[in-house]
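# Per-entry structural report
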Amino acid sequence: MSKRKVLLVVGARPNLMKAAPLMEAMSATTHLQPFLLHTGQHYDANMSQVFFDELGLPKPDCYLGIGSGSHAKQTAQVMVAFEPALIEQQPDLVMVVGDVNSTLACTLVASKLHVPVAHVEAGLRSFNRHMPEEINRIVTDALSDYLFTTDRQANENLRREGVASEKIYFVGNVMIDTLLKHRQRALGLDILDRFKLVPGHYAVLTLHRPDNVDRLAVLHDLLEAVGRLSRRLPVIFPVHPRTRQRIQTFGLDSLLDGYPDLVCHEPLGYLELLCLMAQAKLVLTDSGGIQEETTVLGIPCLTLRAETERPVTVTEGTNVLIGADTERLFAETQRILDGRGKSGRLPELWDGHAAQRIIARLIEVMG
Ligand code: UD1
């Protein structure tokens, strides 16, 4: 039987941790021939190449080089560049992961060319359409043929939107496959020494959501609150390029200068950040993936958003939603410092084998 060709799309940083175990699982079968396409939505070495190196992802078979732009421009440019690549490659299936603009753009193109689409991490809903990712999720799921979910709530969300049950497969979390595979290796790094940090005596901050960083008052208040917190617990802050730009444009560098224990740094590689998170007292974030990773690591996570598309991290994991409420930030931090932080359990099927389940199912259904 000839191999079925699967074109896997990556575009932005969080796609890469999800793609790595999928590529590995596909390469391990004799049934599938993977083809890796990178749209170039993220292009800086520390937002893309470092993850290929660390996670053993092969060099993309095709690179579209799209780069940054407004939502319409970025989405449209991915579509225009992806269409001829798809026509040339003629895969049996397009596989997309997550909820970034590249996910949406490639799904739209593939479905109009009648190429089946598999969406990995389907069914997540924040129910906040102000988030661009929510629009991307809804449209991608509506057009996908195979929807692979990370928790049972996602199955329910999809059914409520009218997706046929036989298209939905609860398989677990591919990002956690990557975390479990690399955790030991990450713990061997010397990054705590480099930052002069003591295990269990520092916090990690990540911040990049437009709702938090694109408005001066919100960003100012968040940074000031974390700065005050850093006087009690040092905070390491790998700064996303979007956030770096906003800090500069809003003239907030001088505010940060007043907090020497709020340590700003360039974006970190996967292993370095994992090493830092795994040994932190707590993590402050507005990232989706980090809410999941801290749940698996058993590290308390305070999420700087009002809602989450990953509710299992709250109901079963270590996650607490605090929005942009700085008083709540201090109160919850105090609880954690007092040893009363939330502990959690591992969500169902977050066991390191999600990618294998996805690939086994695809081989079954693709024939
Ligand atoms: C994107 C995703 C978001 C994801 C995040 C992870 C969408 C709608 N958003 O947001 O879901 O959580 O990635 O990082 O797809 N930039 C650089 N270098 C890069 C990439 C970006 O400097 O390699 C700067 C550019 O100025 C760009 C800005 O960051 O305009 C934002 O990049 P973009 O890809 O539009 O969105 P993110 O905020 O990264």
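Structure report, in brief. (Residues numbered from 1 in each chain as written. Predicted model: local features only at pLDDT ≥ 70, side-chain atom pairs only at ≥ 80, totals over all residues. Heavy atoms only, no water.)

## Some words on the pairing of strand 1 (residues 4-10)
Threshold: When accessible area is computed with a 1.4 Å probe and restricted to protein chains, residues below 20% of their type maximum are described as buried, those above 50% as exposed, and intermediate ones as partly exposed. Numbering goes from the N terminus for both helices and strands, where a helix is a DSSP run of H or I of at least four residues and a strand is a run of E of at least two. Strands qualify as paired when DSSP identifies two bridges or more between them. When the strands point away from the viewer and the connection leading from the first strand across the helix to the second strand turns clockwise, the crossover is called right-handed.
With respect to burial, strand 1 is a largely interior element, 6 of its 7 residues being buried. Pairing between strand 1 and strand 2 (residues 32-38): 7 bridges, direction parallel. Note that in strand 2 the partner of Leu-7 across the bridge is Phe-35. Note on the crossover from strand 1 through helix 1 (residues 13-27) to strand 2: the handedness is right-handed. As paired elements, strand 1 and strand 4 (residues 93-97) share 3 bridges and run parallel to each other. Among the inter-strand pairings, Leu-7 is bridged to a residue of strand 4, identified as Val-94.

## A closer look at helix 17 (residues 354-366)
Three or four residues apart is the spacing at which side chains of an α-helix point the same way, because the helix has 3.6 residues per turn. Which entries qualify depends on this criterion: To estimate how far a helix should reach, multiply one less than its number of residues by 1.5 Å. Starting at the helix axis, one direction is taken to each C-beta atom, and the arc is that of these directions.
Between the first and last C-alpha of helix 17 there are 18 Å, a value that for 13 residues agrees with the 18 Å anticipated at 1.5 Å per step. By the burial criterion, the buried members of helix 17 are Ala-354, Ala-355, Ile-358, Ile-359, Leu-362 and Met-366. In a view along the axis of helix 17, the buried residues occupy a sector of 130°, so they form one face of it. Gly-367 occupies a position one or two residues after helix 17 and carries a positive phi of about 75°.

## Describing the environment of Arg-231
The condition that has to hold: A contact between two residues is defined here by any heavy atoms of the two lying within 4.5 Å.
Among the secondary structure elements, Arg-231 is positioned in the loop between helix 10 (216-230) and strand 9 (235-238). Sequence separation between Arg-231 and Leu-262 is 31 residues; the distance between their C-alpha atoms is 8.2 Å. If we ignore the near neighbours within four places in the chain, the residues touching Arg-231 are Gly-258 and Tyr-259.

## Re the site of the ligand
Our working definition: Only heavy atoms are used to decide nearness, and a residue is near a molecule or strand if one of them lies within 4 Å of it. Two N or O atoms count as a polar contact when they lie within 3.5 Å, although within protein this holds only if one can serve as hydrogen donor and the other as acceptor, and sequence-adjacent residues are included solely when both atoms are side-chain atoms. Using a 1.4 Å probe, accessible areas were evaluated by the Shrake-Rupley method; residue-level cover was limited to the displayed protein chains.
The local shell around the ligand holds 18 residues, among which His-42, Glu-133, His-208, Arg-242 and Gln-245 are the closest. Measuring from an oxygen atom of the ligand, one finds a side-chain N or O atom of Arg-242 at 2.7 Å. Compared with its free state, where it exposes 740 Å², the ligand has 89% of that area covered by protein. Broken down by secondary-structure element, the contributors of at least two residues to the shell around the ligand are helix 3 (71-89) and helix 11 (241-249).

## Things to note about the environment of His-130
Inspection of the secondary structure assignment puts His-130 in the loop between strand 5 (117-122) and helix 5 (132-143). On a C-alpha basis, the gap between His-130 and Pro-210 in space is 9.8 Å, while along the polypeptide they are 80 residues apart. Polar contacts involving the side chain of His-130 include one to the side chain of Asp-211, which spans 3.1 Å.

## Things to note about the packing of helix 4 (residues 101-112) against helix 5
Rule in force here: Under this scheme, a helix contributes an axis fitted over its contacting stretch, all axes are lines through C-alpha atoms, and angles between N-to-C directions fall in the 0 to 180 degree range. When describing relative orientation, an angle under 35 degrees is termed roughly parallel and one over 145 degrees roughly antiparallel, while 65 to 115 degrees is termed roughly perpendicular and anything else oblique. Handedness of a helix crossing follows the sense of rotation of the near helix relative to the far helix, less than a right angle counterclockwise being left-handed and clockwise being right-handed. Classes in brief: Ala, Val, Leu, Ile, Met, Phe, Trp, Tyr, Cys and Pro nonpolar; Asp, Glu, Lys and Arg charged; the others, Gly included, polar.
Where helix 4 contacts helix 5, the axes come no closer than 9 Å and their chain directions differ by 25°. By the angle class used here, helix 4 and helix 5 are roughly parallel. Crossing of helix 4 against helix 5: the hand is left-handed. Contacts from Asn-101, Thr-103, Leu-104, Thr-107, Leu-108 and Ser-111 of helix 4 reach helix 5 at Asn-136, Val-139, Thr-140 and Leu-143. Class assignment for the residues of the contact of helix 4 with helix 5 results in 4 nonpolar, 6 polar and no charged.

## With respect to the sheet that holds strand 12 (residues 301-303)
Strand order in the open sheet formed by 6 strands is 10-9-8-11-12-13, and the pairing between neighbours is parallel. In this open sheet, the two strands that pair with only one neighbour each are strand 10 (262-265) and strand 13 (319-321). Between one strand and the next, the sheet's axes are offset by a mean angle of 20°, whatever the strand orientation. Of the pairings in the sheet, the one linking strand 9 to strand 10 comprises 4 bridges and is parallel in character. Looking at strand 10, one finds that Phe-237 is bridged to Cys-264.

## Brief notes about the pattern of salt bridges
Formally: Think of a salt bridge as a Lys or Arg side-chain nitrogen and an Asp or Glu carboxyl oxygen that are within 4 Å of each other.
Per the stated rule, a full pass over the model turns up 25 salt bridges. A salt bridge links Arg-209 to Glu-133, with the nearest nitrogen and oxygen atoms 2.9 Å apart. Of the two residues, Arg-209 is situated in the loop between strand 8 (203-206) and helix 9 (210-213) and Glu-133 in helix 5; the sequence distance between them amounts to 76 residues. Just as Arg-209 is buried, Glu-133 falls in that class too. Residue Asp-338 pairs with Arg-340 through a salt bridge whose shortest N-O separation is 3.6 Å. In this structure, a network of salt bridges that share partners links the residues Lys-18, Asp-99, Glu-121, Glu-134, Arg-137, Glu-292, Arg-305, Glu-307, Glu-309 and Arg-310.

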